[in-house]
Amino acid sequence: MDDIIKAAVLGIVEGLTEYVPVSSTGHLLLMQHFFGFGDEGFGNTFAVLIQFGAILALLSIYFTRLWHLVIGMFTDSHARYFIIGVLIAFLPAAIIGAAAHTLIKSVLFNPWIVCFSLIVGGGVLLLIDQLDLKPRYTDATAFTLPMYLGIGICQCAAMIPGVSRSGATIVAAMLLGADRRSAAEFSFWLAMPTMAGAFAYDLYKSHGQMSPDNAILIAIGFAVSFVAAWVVVKTFLDYVSSHGFALFAWWRVIVGSLGLIALALGH
């Protein structure tokens, strides 16, 4: 029963944090460190597998638009342009992630790094919210190709757990001329190939840890992650359009600060 509760809690954390700029990986690492859920072996595999629930939630909401893009790729120049833009933005993380996967996992997946990254990232989000930026783009499908590449390069910073993939994408897009809503929505589009690629690679590396005995835990974490992520994706764009990112920034600062205090006390 204890593991079932932990599986559900980790699923909720994954779903609620995957698409907002607070770092789902950082939160899961801190949860595993402080509350325990197999820091080695199955625990790591479980954290990978429940991401698929969040991926499916996003794909289910964007399915119709994805389908139109895929069909339009052969007949619609605008659809083809946007697909090329997403692939350009995805390429830097794909190359660096594949080349440095072992180094990233062995060196950067550290609770101290996560806490510092959460705090610094929170400060960056607060700064972005206060800057008097002059958005030039309100449509995530109409950024320039150099802008897509710039966002993709900045996304690589999210390989440091605690930075946040969506956070890095949103900050880069806004600094390059996007408004809040289009920046946040592009973080969804870029999440599709990025998360799917990272999931497939991590699953390949961790498949030996899977066991039928853990199927119920995986199913619970997957289902809860799907539901929580679905709610977030449906509400996030309207929220940031009206309220900005201050809530997420302060959450990062609070979680990071509490984590540093706990680590300093020897936990």
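Data block above holds the structure.
Figured I'd write up the structure that's included with this text. (Residues numbered from 1 in each chain as written. Predicted model: local features only at pLDDT ≥ 70, side-chain atom pairs only at ≥ 80, totals over all residues. Heavy atoms only, no water.)

Side note on the packing of helix α4 (residues 51-61) against helix α12 (residues 215-243)
Alright, step 1. Look at α4 against α12: their axes get within 7 Å of each other, and the N-to-C directions meet at 40°. As judged from the angle between their axes, α4 and α12 are oblique. Judged by the sense of rotation from one axis to the other, the crossing of α4 with α12 is right-handed. Between α4 and α12, the residues in contact are Phe52, Gly53, Ala54, Leu56, Ala57, Leu58, Ser60 and Ile61 and Phe222, Ser225, Phe226, Ala229, Trp230, Val233 and Lys234, respectively.
Alright, step 2. Class assignment for the residues of the contact of α4 with α12 results in 11 nonpolar, 3 polar and 1 charged. (Axes fitted to C-alpha atoms, helices over the stretch in contact; angles between N-to-C directions. Helix = DSSP H or I, 4+ residues; strand = E, 2+ residues; numbered from the N terminus. Parallel < 35°, antiparallel > 145°, perpendicular 65-115°, else oblique. Left-handed = near helix turned anticlockwise from the far one by under 90°. Contact = heavy atoms within 4.5 Å. Nonpolar A, V, L, I, M, F, W, Y, C, P; charged D, E, K, R; others polar.)

Brief notes about unusual backbone geometry
Alright, step 1. With a phi angle near 75°, Ser23 is a residue other than glycine that sits in the positive phi range.
Alright, step 2. Residue placement: Ser23 occurs in the loop between α1 (2-17) and α2 (24-35).
Alright, step 3. Here the phi dihedral of Ser164 falls at roughly 95°; this positive angle occurs in a residue that is not glycine.
Alright, step 4. Structurally, Ser164 can be placed in the loop between α9 (145-155) and α10 (165-175).

Considering the environment of Ser60
Alright, step 1. As for its placement among the helices and strands, Ser60 is situated in helix α4.
Alright, step 2. Since its relative accessible area comes to 39%, Ser60 is described here as partly exposed.
Alright, step 3. Once you skip the residues sitting within four places of it in the chain, Ser60 turns out to touch Phe226 and Trp230. (Buried < 20%, exposed > 50% of the residue type's maximum accessible area, 1.4 Å probe, protein only.)

Description of the environment of Leu58
Alright, step 1. Counting through the fold element by element, Leu58 comes out in helix α4.
Alright, step 2. Since its relative accessible area comes to 1%, Leu58 is described here as buried.
Alright, step 3. Put simply, Leu58 and Lys234 are 176 residues apart on the chain and 9.0 Å apart in space, counted from C-alpha to C-alpha.
Alright, step 4. Once residues lying within four places of it in the same chain are set aside, the contact partners of Leu58 are Tyr19, Phe188, Ala191, Met192 and Val233.

Here we look at the side chain of Arg165
Alright, step 1. With respect to the secondary-structure elements, Arg165 resides in helix α10.
Alright, step 2. When residues no more than four places from it in sequence are discounted, the contact partners of Arg165 are Glu18, Tyr19, Gln155, Ala158, Ser187, Ala191, Thr194 and Met195.

Brief notes about the pattern of salt bridges
Pairing is possible between side chains of opposite charge, provided their charged atoms come close.
Alright, step 1. Scanning the entire structure with this criterion turns up 5 salt bridges.
Alright, step 2. Between Arg165 and Glu18 there is a salt bridge, with its nearest N and O atoms 3.9 Å apart. Remark: Glu18 occurs in the loop between α1 and α2 and Arg165 occurs in helix α10; sequence separation between them is 147 residues. An identical accessibility class is assigned to Arg165 and Glu18; each is buried.
Alright, step 3. We note a salt bridge from Glu185 to Arg65, for which the minimum N-O separation is 2.7 Å. With Glu185 in helix α11 (residues 180-206) and Arg65 in helix α5 (residues 63-72), the pair connects residues that are 120 residues apart, well separated along the chain.
Alright, step 4. Given a relative accessible area of 40%, Arg65 falls into the partly exposed group. (Salt bridge = Lys/Arg side-chain N within 4 Å of Asp/Glu carboxyl O.)

Considerations on the packing of aromatic side chains
Alright, step 1. Within this structure, the stated rule accounts for 15 aromatic pairs.
Alright, step 2. Aromatic side chains Tyr62 and Phe188 sit 6.1 Å apart centroid to centroid with 80° between the ring planes, which places their arrangement in the edge-to-face category. With Tyr62 in the loop between α4 and α5 and Phe188 in helix α11, the pair connects residues that are 126 residues apart, well separated along the chain.
Alright, step 3. Phe188 sits in the buried class, given a relative accessible area of 1%.
Alright, step 4. Between Tyr148 and Phe186 the ring centres are 5.2 Å apart and the planes differ by 40°, which places this aromatic pair in the tilted class. Taken together, the positions of Tyr148 in helix α9 and Phe186 in helix α11 put the pair 38 residues apart, joining distant regions of the chain. (Phe/Tyr/Trp six-rings, centres within 6.5 Å; stacked < 30°, edge-to-face > 60°.)

Re the nonpolar core
Alright, step 1. Ranked by internal contacts, the top residues of the largest apolar core, which has 59 residues, are Tyr19, Phe143, Phe186, Trp189 and Phe236.
Alright, step 2. Counting 8 residues, the second-largest nonpolar core is a separate cluster that includes Cys115, Leu118, Val255 and Leu260. (Core = buried A, V, L, I, M, F, W, Y, C linked by side-chain atoms within 4.5 Å.)

So, helix α13 (residues 246-264)
Alright, step 1. The terminal C-alpha atoms of α13, which comprises 19 residues, lie 27 Å apart, in line with the 27 Å expected from a rise of 1.5 Å per residue.
Alright, step 2. Buried within α13 we find Phe248, Ala249, Arg252, Val253, Val255, Gly256, Gly259, Leu260, Ala262 and Leu263.
Alright, step 3. Buried residues along α13 sit in contact with α2, α8 (111-130) and α12.
Alright, step 4. Looking at the residues trailing α13, positive phi occurs at Gly266, about 95°. (Expected span 1.5 Å × (residues − 1).)

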